[in-house]
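# Structural overview
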Amino acid sequence: MKIFSTLTLFALLGTCATKKYTEKIQILKDNIVLSDSTLIVKYANTITSKELKKHLYKYASDEFEGRKVGEEGQKKAAQFLSDYYISEKVESAFGGDNYFQRIPADFFSQNIKSSENVLAFIEGSEKPDEVLIISSHLDHLGISDDGKINYGADDDGSGTVALMEMAQAFTLAKNDGYGPKRSILFLHLTAEEIGKKGSEYYTINPVFPLENTIANLNIDMIGRVDDIHKNNKNYIYLIGSDRLSTELHYISEKVNKAFSNIYIDYRYNAVKERNGYYTRSDHYNFAKNGIPVIFYFNGEHSDYHQPTDTPDKIEYNLLEKRTKLIFATAWQLVNQKNRCMLDEH
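Residues numbered from 1 in each chain as written. Predicted model: local features only at pLDDT ≥ 70, side-chain atom pairs only at ≥ 80, totals over all residues. Heavy atoms only, no water.

### Focus on the overall build of the protein chain
To keep it simple, the criterion reads: Helix and strand assignments follow DSSP, with helices taken as H or I runs no shorter than four residues and strands as E runs no shorter than two, numbered in order from the N terminus. The quantity called the radius of gyration is restricted to C-alpha atoms. Its globule counterpart is 2.2 Å times the number of residues to the power 0.38. Per-residue accessibility, obtained with a 1.4 Å probe over protein chains only, is compared with the maximum for each type, and a residue is labelled buried under 20%, exposed over 50%, and partly exposed between these values. Contact criterion: two residues are considered in contact whenever any of their non-hydrogen atoms come within 4.5 Å of each other. Per-residue and other accessible areas were derived by the Shrake-Rupley procedure at a 1.4 Å probe size, with only the shown protein chains allowed to occlude residues. Here Asp and Glu are counted as negative and Lys and Arg as positive; His is not counted, and neither are the chain ends. Working definition for charges: the position is that of NZ of Lys, CZ of Arg, CG of Asp or CD of Glu.
When helices and strands are tallied, the protein chain shows nine helices and nine strands. For a compact globule of 345 residues, the expected C-alpha radius of gyration is about 20 Å, and the protein chain comes in at 21 Å, within 12% of that figure. In terms of overall dimensions, the protein chain has a C-alpha envelope of 80 × 50 × 45 Å along the principal axes. The buried share of the protein chain, taken over its 345 residues, is 55%. At a minimum sequence separation of 6, the contacts of the protein chain that also span at least 24 residues come to 81%. As displayed, the protein chain has an accessible area near 15700 Å², and 51% of this comes from carbon and sulfur atoms. One way to put it: in the protein chain the 41 positive side-chain charges average out to a point 6 Å from where the 48 negative ones average out.

### Remarks on the environment of Phe94
Here Phe94 shows up in the loop between strand S1 (91-92) and strand S2 (100-103). Note on Phe94: relative accessible area 37%, which makes it partly exposed. Sequence separation between Phe94 and Ala120 is 26 residues; the distance between their C-alpha atoms is 8.7 Å. Not counting residues within four places of it along the chain, the set of residues in contact with Phe94 comprises Tyr99, Phe100, Gln101, Leu119 and Val207.

Set out below in structure tokens:
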């Protein structure tokens, strides 16, 4: 009888704990108030498949020779991004016309030459010291031994042009008097393909204090469809959104439901997932430093890390829709009342 009573007590305690957690989550969800819905739609609609396509056909062209870290093609790609931000009047994180965070050759191994991250910046109007980082990697694999260019249209040309379009959209909003309350850093990272070295360098040498970085939205391959979803293309994989901040996860969910209605697939977010995607792109260096992250990803396909990853195979309407989702999520994060909360561990 005593054993039965003890087991019953544990069951009741477990039920109460579950109920308490469920109530806590519901309160968290209810406290997420979406910011400026009309404005989000207005400026998201400036992100177009036409402009994404124009940028990507340039970025994943012969001119940039596959953008291998430290080589001439990668340098040209970095300059292309710098020139774009100058033309769009998006400021440098350093002031003036220098958009490069230079990384010396001795930071790399295997005789890799010096390289650079590219940083564009929009200062917040109310809480400028709090910074959201939106990132993608600018490099790829270069030219193969057989002389073929690895164009990297999806990996990660798609993320690169998404950043360009979002920066333009936020700048248009700011020019109309609707600038973000918190600051935004558009961070094009080099050397992802050789071990996430660009993001490692940034987190060791941050331009803005890591403790003031509210979140990292990282984009790596969002222009294609994998085999799993070939019959339902309206999807995106999200990885990491609940690892450090439950609030970030539910903000993402609420924004998607309100503005995009994309099917969010979390299968690769599972702890100990066999592909290890949570650790394989630049967001991981931010997560290791206690910064909440979301990794946006379309999954691998037969052209992954092949010369056949070309811009003609990108699904531009889908790229537009996914970019708008990330834009809306970013808008919410920089404009809501309080910065995104870290979970207590």
